[in-house]
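Descriptive structure summary
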Amino acid sequence: MKQFFSYWYAPIFLSVFTGIAIWLTQVASLSSFYLIPLLLAAIFISFMAEIYLPYEAHWNESQHDSERDVLHGVFNELLNMLGLMLIPGIAGYMPFAALWPEHWPFVLQLLLAITVADCGITLAHYLSHKIGLLWRLHAVHHSCLRMYGLNGLMKHPLHQAIEAMAGIAPLLLCGMPLQVTVLLTFSIAIQLLLQHSNVDIRLGVFRYLFAWAPLHRFHHIKYGKKGDVNFALFFPVWDILLGTAYYPDYRLSSSDLGIGSQPDYPVGYWQQLKQPFR
């Protein structure tokens, strides 16, 4: 049973929660606010899966970081919601709105949005490891000393805004509808849960299709430039094109994570918000 779970947890988790989100908003025509309890349910299921089949059991134990990660997640998701609320007011000013394929089935529109956004976010992520100012903001995310689902939402709000602009702004300029934007934002949150999951996921045939935890953990290695690999959010093809794809087969521990040059990086939420400007 556990072997089945290790291979199929990630694809089932992604498809089920994304599918329910599409059904709620497009078939049942319910308000997008129903996606909030759905995301909370996804986080809960993620925690339960990490307890059932952990990659590292002690990563399920708080290291005085649980409250901080919750604050990061809540505040960053509130910023996402605020951004979504602004879209209707600026929709009429999009210069290339006619380019969006509104006649496509909704699922294909969402897949297009995910692919384009993934390219932009991956490039912003890549540059965040090359440009000092961006790295100072991005370092907040790399300061974690354990990996579990909530790490994906642990970002400096300014860096999250930069990644969002790189991934979503081009789509909005081309007239991406609000409903597609909402589902794109939800899909990104689900993918971040899987990418940083403490579940002992086995990729199998999905190794070259999705950038889930077994690949992304090695992006958090603290040894110099060793972590400059596996930047993609959704699809590893971007790392193949960048020459940064890395497919190892060995286990990491807490001693491998963090920022090697800053072992005393602040742990508290407010201290992390201020750290890039010190």
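No experiment lies behind these values; they were computed from the predicted model shown. Numbering of residues starts from 1 in every chain and runs along the sequence as written. Predicted model: local features are reported for residues with pLDDT of at least 70 only, side-chain atom pairs are reported and counted for 80 or more only, and whole-chain, interface and lining totals are derived from all residues. The side-chain figures draw on all heavy atoms in the structure; neither hydrogens nor water molecules are used.

Helix and strand labels come from DSSP, where a helix needs a run of H or I of at least four residues and a strand needs a run of E of at least two; each type is numbered from the N terminus. A tally of helices and strands in the protein chain yields ten helices and zero strands. Each helix (α) and strand (β) of the protein chain, taken in turn from the N terminus, gives the series α-α-α-α-α-α-α-α-α-α. What the globule rule says is 2.2 Å times the number of residues to the power 0.38, and the radius of gyration is computed from C-alpha atoms. The C-alpha atoms of the protein chain give 18 Å as radius of gyration, which agrees with the globular expectation for 278 residues (19 Å, within 12%). For the C-alpha atoms alone, the extent of the protein chain along its principal axes is close to 50 × 50 × 35 Å. Only protein chains enter the area calculation, which uses a 1.4 Å probe; residues under 20% of their type maximum are buried, those over 50% are exposed, and those in between are partly exposed. By residue count, 52% of the 278 residues in the protein chain fall in the buried class. Residues count as neighbours in contact if any of their non-hydrogen atoms are within 4.5 Å of one another. Counting contacts in the protein chain only where the partners sit at least 6 residues apart, residues at least 24 apart contribute 76% of the total. Carbon and sulfur atoms provide 71% of the accessible area of the protein chain, an area that totals close to 13,300 Å². Here the accessible surface of atoms and residues is derived via Shrake-Rupley with a 1.4 Å probe, and residues count as covered only by protein chains that are part of the display.

Below, the discussion takes up the nonpolar core. In plain words, nonpolar cores are sets of buried Ala, Val, Leu, Ile, Met, Phe, Trp, Tyr and Cys residues tied together by side-chain atoms within 4.5 Å. Formed by 58 residues in total, the largest nonpolar core has its most connected members in M176, L184 and I190. Put simply, the parts of the chain that give this core at least two residues each are α1 (2–27), α2 (35–52), α3 (66–90), α4 (106–128), α6 (157–173), α7 (178–195) and α8 (213–216). Discounting chain neighbours no more than four positions away, the residues touching M176 are W100, A113, I168, L171, T181 and L184. With seven residues, the next largest nonpolar core counts W59, F218, I221 and L257 among its residues.

As a packed pair, helix α5 (residues 132–142) and α6 sit with axes 8 Å apart at the nearest point and diverge in direction by 115°. Taken as a pair, α5 and α6 cross one another with a handedness that is left-handed. Between α5 and α6, the contacting residues are L134, L137 and H138 on the first element and L158, H159 and I162 on the second. Classifying every residue of the contact of α5 with α6 gives four nonpolar, two polar and no charged. For helices, the axis comes from a line fit to the C-alpha atoms of the stretch in contact; other axes are also lines fit to C-alpha atoms, and the angle between any two N-to-C directions lies between 0 and 180 degrees. In a left-handed crossing the near helix is turned counterclockwise from the far helix by less than a right angle, and in a right-handed crossing that turn is clockwise. The nonpolar class holds Ala, Val, Leu, Ile, Met, Phe, Trp, Tyr, Cys and Pro. Asp, Glu, Lys and Arg form the charged class, and all remaining residues, Gly among them, are polar.

Our working definition of a disulfide is a cysteine sulfur pair at a distance within 2.5 Å. The full count for this structure, using the stated rule, is zero disulfides. Free cysteine C174: the closest other cysteine sulfur is in C119, separated by 13 Å. The class for C174 is partly exposed, based on a relative accessible area of 24%.

The residue H64 is not glycine, and still its phi comes out positive at about 60°. Within the element layout of this structure, H64 appears in the loop between α2 and α3. H64 gets classed as exposed once you look at its relative accessible area, which sits at 77%. The backbone of N230 sits at a positive phi, close to 50°, despite the residue not being glycine. Looking at where N230 falls in the secondary structure, it is placed in the loop between α8 and α9 (237–242).

Bringing the pattern of salt bridges into the picture now. By definition, a salt bridge exists where a carboxyl oxygen of Asp or Glu is found within 4 Å of a side-chain nitrogen of Lys or Arg. Summed over all chains, the structure comprises five salt bridges. Residue R146 pairs with D65 through a salt bridge whose shortest N-O separation is 2.9 Å. With R146 in the loop between α5 and α6 and D65 in the loop between α2 and α3, the pair connects residues that are 81 residues apart, well separated along the chain. When sorted by exposure, R146 lands in the same class as D65, which is buried. The partner of D69 in a salt bridge is R68, and the shortest N-O contact between them spans 2.8 Å. For D69, a relative accessible area of 0% translates into the label buried. Given the relative accessible area of 6%, R68 is considered buried.

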